[in-house]
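Architecture at a glance
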Amino acid sequence: MLNVHLVPHSHDDVGWLKTVDQYYYGGETGIQRAGVQYILDSVIPQLYADPAKRFIYVEVAFFYRWWKQQSDRTKKVVTQLVNEGRLEFVNGGWCMNDEATTHYNPIIDQMTLGFQFLNDTFGECARPRVAWHIDPFGHSREQASLFAQMGFDGFFFGRLDYQDKKDRENRREMEQVWRASANLAKPNADLFTGVLPNGYNPPSRLCWDVLCTDDPIKDDKGMEEYNVDEIVSYFIQIAHRQQSNGSDVNVFYSTPSCYLYQLNKANLTWSVKSDDFFPYADGAHMFWTGYFTSRPALKRYERLSNNFLQVCNQLEVLADSAANSGPYGVGDSSVLKRAMGVAQHHDAVSGTEKQHVADDYGKMLAKGWEACEVLVSNALSALSGMKQNYIFCNKLNISVCPRVEELGKFTVTLYNPLARSVDVYVRIPVNGSDYSVADPRGSSVLKEVVPVSDFTKAVREDRGYALNELVFPVRVPALGFSTYSVSRKSASSVLSKLVRSVKRHQNQGQNQLAIENEYIQVLFDADTGLMKEIENRQKNFSLPVNQNFHWYVASSGDQKSSQASGAYIFRPEQQTPFPMAKSVKTYTVQTDLFQEVYQNFTSWCSQVIRLYKNQKFVELEWTVGPIPVGDHIGKEVISRFDTPLKTDGIFYTDSNGREILRRRRDYRPTWKLNQTEPVAGNYYPVNTRIYMKDGKIQLTILTDRSQGGSSIKDGSLELMVHRRLLFDDNRGVGEALSEPGYDGKGLVVRGKHLIFLDTVDASADLHRPQAQAEYMAPWIIMSEGSGTPYSTQLNHLSEFSALKQDLPHNLHLLTLARWDSQSFLIRLEHQFEIGESSVYSKPVTVDLANVFSAFEITSIEEMSLGVNQRKADESRLIWETGRESQGVKSASHGGDNSEHTVVLNPMEIRTFRVHIQHR
């Protein structure tokens, strides 16, 4: 028999053409006829009425909303259907997340959020067994690795490159085992993976959705147009074409997990894949690599929101109930958790939604920030013993914080969510010209007051009035805070102070322009003003590095292919971009704390190249926009770094911020590529870093958000920072990607690239911890005045750490969060890969009982990555690959010599649910 599994399923975008609310309620029918609540309202009675029927559901964000509105009777029916396996949850995250522009931390969080709701509501019967990503536009290796670590038996998706798909169909390898980690012991990251033959659509002529136009089944034999025999015959042909063995066809309603179980019982041998599925193209000139950068401001806001959510989660644990209820109101982390869950959707952070939907995502995140600001205020007051008039300055990147600018006295508190102490520099917009700064112990801190840059004034226009920026270094303890006191000095001797500390001058005509600190020197061309060389002063070598901004002409669609650049697709008109400028206007600012070169490329593109004292990287802070389109030409803007490194077509990008993948220009590891787009077809997602190297030297660039990047020629790296387009790319969104910005004139985007130049052997020691420090940066909270005591029983603390000592350099505290009213989550992560560091690529042991000073762990239980089953209970299906024995269970941790002492191997994440006693 040929068994045909029919899988009725939903495909409910958590925002795309309509907002989440509009999709749920079925509003805005003029945009799209779709209403999620009606799907569930109609499916449940059908399932209840016919025991043969099955249905799978994916997006918990929608189901959570629907469930809250149901009667007790309906809830009882749904629970019965779940227990019988006829309503099955697949994937089970808050959304079906994007895989290119998402960071692994919020991916794990949004999956855990969905799992928690399903487990709390239905128990073990609702635990998803199968990952289901039928719509994301390409698939990352790290995503598959995370799914495997969450206990999934298999993974099904719908989109892969059209050439890859044709090759797989010819070789009959639409299903195989994906070896999704180069570091984790087999089979911890092995995942059976199947490609759906028609994407998320049924075969031709068999589509009976409300939006389809195929003929309905007419089953009355007395009718003239009776067509059952014809449709059944056609169906059998389609079934045999898909799977030719077997004689008679047995058709039944099923689910992906049932299909997977039967496939596993067949005991077949499968091929193995170890690369990823990027980039994705659905035609010769149709590479979906533009969305790696689309909506760059939203991408940065999402990354910052994750940063703030981790701060919020941690303080909710450290301050206990005082965080949720205190002098500032009711603090709540769940609002931002759910908003971040929605933001991971494959039409959210990806940038592929309509403009009004992108605005709605931003609004949801902003509401989450407001709720967390209350929680953070409550927690900091409780922990410090002092009630403050807290001020959250959320526009410091454009030197705007009106409530602080005029103050003569204020404090600056930084909370550090990393489990190791950090040294950073703070820049505060002020109107005074001279200030004193004291650290938590009252000692004076070296500081500088510098004028707000001309570039920044142009960006912020009427939104800020600060004339200057106060800059000073801070040290913040691990998992804790430091409070610095700032006082404005009198106006006397202000002029001499500025003249002494700030050397700002135009640079045209100089013989040599350079900035330097003890680790790095950056040289600039005296004629062009462009960067020309970086020197590693510690190791006494230098590399010519020319950095400039360029822009590609965005295709408007031509007679040959009619394919335009759009929100999804990147298609440059020519393969060579235009340089933004051949020479730039520059001026320098040199102080005891930092040195800067300001570069003005055009009226809409500028950059500050900055070296702080004691930092081992060069900071490039760029400002791009509004991109002009008065010439009726869409533009895709890149920052490009050209060097003489001999790279032989090889460069490296991260996968969702974790493992590094080797890329080779015009090449795919598992199939023969016919390259039709030499630029767009070589672009890859860059979540946190991209680098290139020769035998000795490595140039690494860290990003502050997800961007598209590549090496189009040897010795060169480029990152797309902004794009503004005039045509739709005909992939459904129905709008050109031309963001209006706050004033309707076009979006201005500001961001940072951090540049490391070091030996190949030493580079990971630098970029690994710094990438963590960027996405888990210290959070800055101001306060006016000196405050009042929180309680008569508490002493005032101006410095606090929740750890007894810093965690080892190769260990990262990924999660510290409340789980329920009784328990908490701790996730630990080894942040180095095997072999990339001679010092840190080794197993690390930690005694959890001796880590935290703020609380004592009273019990501990290891869980799966998604926290929906005990690690000891985890058992996944075994797949024969013909290469090696895979064993039945995940590799054990023989090094764990007690329940509190745990060993982590390179790239391993371990998740614990704990009970604690606050000290």
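Here, the structure is the one placed above.
Here we summarise the structure given alongside this text. These figures come from a predicted structure and were not determined experimentally.

This part is about the overall build of the chain. Within the chain, the regular secondary structure consists of 17 helices and 46 strands. Computed over its C-alpha atoms, the radius of gyration of the chain comes to 28 Å, within 12% of the 29 Å expected for a compact globule of 919 residues. Overall size of the chain, expressed as C-alpha extent along the three principal axes, is 100 × 70 × 55 Å. Put simply, the chain has 919 residues, and 61% of those count as buried. For the chain, the computed accessible surface area is about 34800 Å², with 48% contributed by carbon and sulfur atoms. Of the charged side chains in the chain, 98 are positive and 109 negative, and the gap between their average positions amounts to 3 Å.

A few words now on the packing of aromatic side chains. Counted under the stated rule, the structure contains 52 aromatic pairs. Residues Y24 and Y25 carry aromatic rings whose centres are separated by 5.0 Å and whose planes lie at 90° to one another, so their mutual orientation is edge-to-face. Given a relative accessible area of 0%, Y24 falls into the buried group. With a centroid separation of 5.0 Å and an interplanar angle of 70°, the aromatic rings of W67 and F122 are classed as edge-to-face. Linking W67 in helix α3 (residues 60-68) with F122 in helix α5 (residues 104-122), this pair joins segments that are 55 residues apart in sequence. F122 matches W67 in its accessibility class, with the two residues each being buried. Ring pairs connect the aromatic residues Y57, F63, Y64, W66, W67, F89, W94, F117 and F122, which therefore count as one cluster. Sitting over the face of the ring of Y667, R664 holds its NZ or CZ atom 4.4 Å from the ring centroid.

A few words on the sheet that holds strand β6 (residues 175-179). Here we have 5 strands laid out as an open sheet, ordered β4-β5-β7-β6-β9, and mixed in their pairing. Each edge of the open sheet carries a strand with a single partner, namely β4 (130-133) and β9 (272-273). In the sheet, β6 pairs with strand β7 (residues 190-195) via 5 bridges, with the strands oriented antiparallel. Looking across to β7, one finds that V177 is bridged to F192.

All right, on to the state of the cysteines then. Disulfides are covalent bonds that connect the sulfur atoms of two cysteines. Per the counting criterion, the structure on display carries 3 disulfides. Paired through a disulfide, C207 and C212 show a sulfur-sulfur distance of 1.8 Å. Here C393 engages in a disulfide with C401; their sulfurs sit 1.8 Å apart. The chirality of the disulfide connecting C393 with C401 is left-handed, given an S-S dihedral of about -45°. Overall, C401 belongs to the buried group, its relative accessible area being 4%. The connectivity of the disulfides in the chain is 1-2, 3-4, 5-6, where the numbers refer to bonded cysteines in sequence order.

To continue, consider the side chain of S257. Summarising the element assignment, S257 is placed in helix α9 (residues 256-265). Of the polar contacts made by the side chain of S257, one reaches the side chain of E88; its length is 2.7 Å. In contact with S257, other than residues within four places in its own chain, are E88, R129 and V130.

Under the counting rule described, the total for this entry stands at 50 salt bridges. Measuring nitrogen to oxygen at the nearest pair gives 3.8 Å for the salt bridge that ties D439 to R441. What makes D439 buried here is its relative accessible area of 13%. Residue R441 is classed as exposed on the basis of its relative accessible area, which comes to 57%. Of the charged contacts in the structure, one is a salt bridge between D714 and R665, with a shortest N-O distance of 2.6 Å. One end of the pair, D714, is in the loop between β36 (707-710) and β37 (716-724); the other, R665, is in the loop between β32 (660-664) and β33 (684-686), with 49 residues separating them in the sequence. Its relative accessible area of 36% is what places D714 among the partly exposed residues.

Reading the values: rules and limits
Residues numbered from 1 in each chain as written. Predicted model: local features only at pLDDT ≥ 70, side-chain atom pairs only at ≥ 80, totals over all residues. Heavy atoms only, no water. Helix = DSSP H or I, 4+ residues; strand = E, 2+ residues; numbered from the N terminus. Rg over C-alpha atoms; globule rule 2.2 N^0.38 Å. Buried < 20%, exposed > 50% of the residue type's maximum accessible area, 1.4 Å probe, protein only. Areas by Shrake-Rupley, 256 points an atom, 1.4 Å probe, with all protein chains shown as cover. Lys, Arg positive; Asp, Glu negative; His and termini not counted. Charge placed at Lys NZ, Arg CZ, Asp CG, Glu CD. Phe/Tyr/Trp six-rings, centres within 6.5 Å; stacked < 30°, edge-to-face > 60°. Lys NZ or Arg CZ within 6 Å of the ring centre and 35° of its normal. Pairing = 2+ DSSP bridges. Disulfide = S-S within 2.5 Å. Polar contact = N/O pair within 3.5 Å; in protein donor to acceptor, adjacent residues only side chain to side chain. Contact = heavy atoms within 4.5 Å. Salt bridge = Lys/Arg side-chain N within 4 Å of Asp/Glu carboxyl O.

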